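Reading the structure
If you want the building blocks of each chain, they are given just below.
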Amino acid sequence: MKKIKLLVTGCMGRMGQQIIKSAKKDKNFKLTALTENKKINKKIDGVKVDLNKEALFKKVDLIIDFTIPKCTFQVLKIAAKLKKRVVIGTTGFTKKEEDLIKKFSKKIPILKAGNMSLGINLLMYLTEIASSSLGKNFLSKIFEIHHRHKKDYPSGTALMLGKGIAVGKNKNFYNLLGKKYLNKKTFPFEKKINFNSIRRGEIIGEHEVKFSNGKEIITLNHEAFDRTLYSEGALSAAKWLINKKPGLYSMRNLMNFK
């Protein structure tokens, strides 16, 4: 198999650094370009850190983007023009921005996931099944913990799980979106989906979905304790996406869930 020429955006960030480490160990990839949103006079494994620009994108087959929404759209504009594939792990998009990503996916293959972990994507699938099976008498809420450096809340993963609940109920997620708490010890079940986000220490990620009818509680949860599961998931997504036609894909497609 020909090596995939890879560009990693946000290469100085936590996930950018982890993807670089994982890509170096994976014989399917050649680390070809690295970018940041400001000029940095630095090389990583002989590759110069540069800004997002056309000349750099022309050299690569695929881009993995873990940055911020503003940067992601810079990447998508160039990638769409040059017909380059993009794996998006960035979170914190508004509904309007989500719709814009769909428009870009008509031109190029995009795989977007709020979480690249295979386990988390299985959790989302189970959340949909539980939500559908338990019915309208059960209320739900989502709890998540991340390291103190994570700025957005709820996490992209927590929102993914919320969408899973909505899909199970066959309802619009944005109509079910409830309150967003930060660092609360307890928070309530309500008719809408409430979220509580904890930011502390160096915790990689914990997510929990609870369903209750007042007589019993069903809990689904996932704990991540090694950041490589995200970078390896992103590289699996990249390998899968390289032969796909334009469209918006998810880890669900990769894992062949119905």
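See the structure above.
1. Description of the overall build of the chain
Summing up its helical and strand segments, the chain has nine helices and 13 strands in all. For a compact globule of 258 residues, the expected C-alpha radius of gyration is about 18 Å, and the chain comes in at 19 Å, within 12% of that figure. Taken along the three principal axes of its C-alpha coordinates, the chain extends 60 × 40 × 30 Å. For the chain, buried positions account for 50% of its 258 residues.

2. Quick look at the sheet that holds strand β10 (residues 193-199)
The strand order across the open sheet built from five strands is β9-β10-β8-β11-β12, with neighbouring strands paired in mixed fashion. If you trace the sheet from one side to the other, it starts and ends with β9 (177-182) and β12 (217-224), each paired once. Going from strand to strand, the sheet's axes swing by 15° on average, the running direction of each strand aside. Here four bridges tie β9 to β10, and the two strands are oriented parallel to one another. What sits directly across from tyrosine 181, in β10, is asparagine 196.

3. Observations concerning the nonpolar core
As a rule of thumb, soluble globular proteins bury nonpolar side chains together. Among the nonpolar cores identified, the biggest contains 32 residues, and Leu6, Leu34, Leu62, Ile64, Val87, Leu111 and Met116 are the most heavily contacted of them. Listing elements by their share of this core, those giving two or more residues are β1 (4-8), α1 (14-25), β2 (29-35), β4 (47-50), β5 (62-65) and α8 (228-241). Among the elements that take part in this core, α8 stands out by supplying six residues, more than any other. Apart from residues lying up to four places away in sequence, valine 87 is in contact with Leu62, Ile63, Ile64, Asp65, Leu111, Met116, Ala234, Ala237, Ala238 and Leu241. Phe57, Cys71, Leu76 and Ile110 belong to the second-largest nonpolar core, a separate cluster that totals 20 residues.

4. Re the state of the cysteines
Under the criterion given, the structure shown has zero disulfides. Here cysteine 71 is not disulfide-linked; the sulfur of cysteine 11 is the nearest cysteine sulfur, at 10 Å. Given a relative accessible area of 7%, cysteine 71 falls into the buried group.

5. Description of the packing of aromatic side chains
Scanning all chains against the criterion turns up five aromatic pairs. With a centroid separation of 5.9 Å and an interplanar angle of 80°, the aromatic rings of phenylalanine 73 and phenylalanine 93 are classed as edge-to-face. Placement of phenylalanine 73 in helix α3 (residues 69-82) and of phenylalanine 93 in the loop between β6 (85-88) and α4 (95-104) is noted, with a sequence separation of 20 residues between them. The residues phenylalanine 73 and phenylalanine 93 share a single accessibility class, namely buried. Ring pairs connect the aromatic residues Phe73, Phe93 and Phe104, which therefore count as one cluster. It is lysine 244 that lies over the ring of tryptophan 240; its NZ or CZ is 4.5 Å from the centre.

6. Thoughts on the sheet that holds β2
Pairing between sheet strands relies on hydrogen bonds along the backbone, with the strands arranged either parallel or antiparallel. Taken together, eight strands build an open sheet; the order of strands is β3-β4-β2-β1-β5-β6-β7-β13 and the sheet is mixed. The sheet is open, and its two edges are formed by β3 (43-44) and β13 (247-249), each paired on a single side. Judged from the two bridges that link them, β2 and β4 form a sheet pairing that is parallel. Note that in β4 the partner of threonine 35 across the bridge is aspartate 50. Where α4 meets the sheet, it contacts β6, β7 (109-112) and β13, and its direction lies at approximately 145° from that of β7.

Rules and cut-offs
- Residues numbered from 1 in each chain as written.
- Predicted model: local features only at pLDDT ≥ 70, side-chain atom pairs only at ≥ 80, totals over all residues.
- Heavy atoms only, no water.
- Helix = DSSP H or I, 4+ residues; strand = E, 2+ residues; numbered from the N terminus.
- Rg over C-alpha atoms; globule rule 2.2 N^0.38 Å.
- Buried < 20%, exposed > 50% of the residue type's maximum accessible area, 1.4 Å probe, protein only.
- Pairing = 2+ DSSP bridges.
- Axes fitted to C-alpha atoms, helices over the stretch in contact; angles between N-to-C directions.
- Core = buried A, V, L, I, M, F, W, Y, C linked by side-chain atoms within 4.5 Å.
- Contact = heavy atoms within 4.5 Å.
- Disulfide = S-S within 2.5 Å.
- Phe/Tyr/Trp six-rings, centres within 6.5 Å; stacked < 30°, edge-to-face > 60°.
- Lys NZ or Arg CZ within 6 Å of the ring centre and 35° of its normal.

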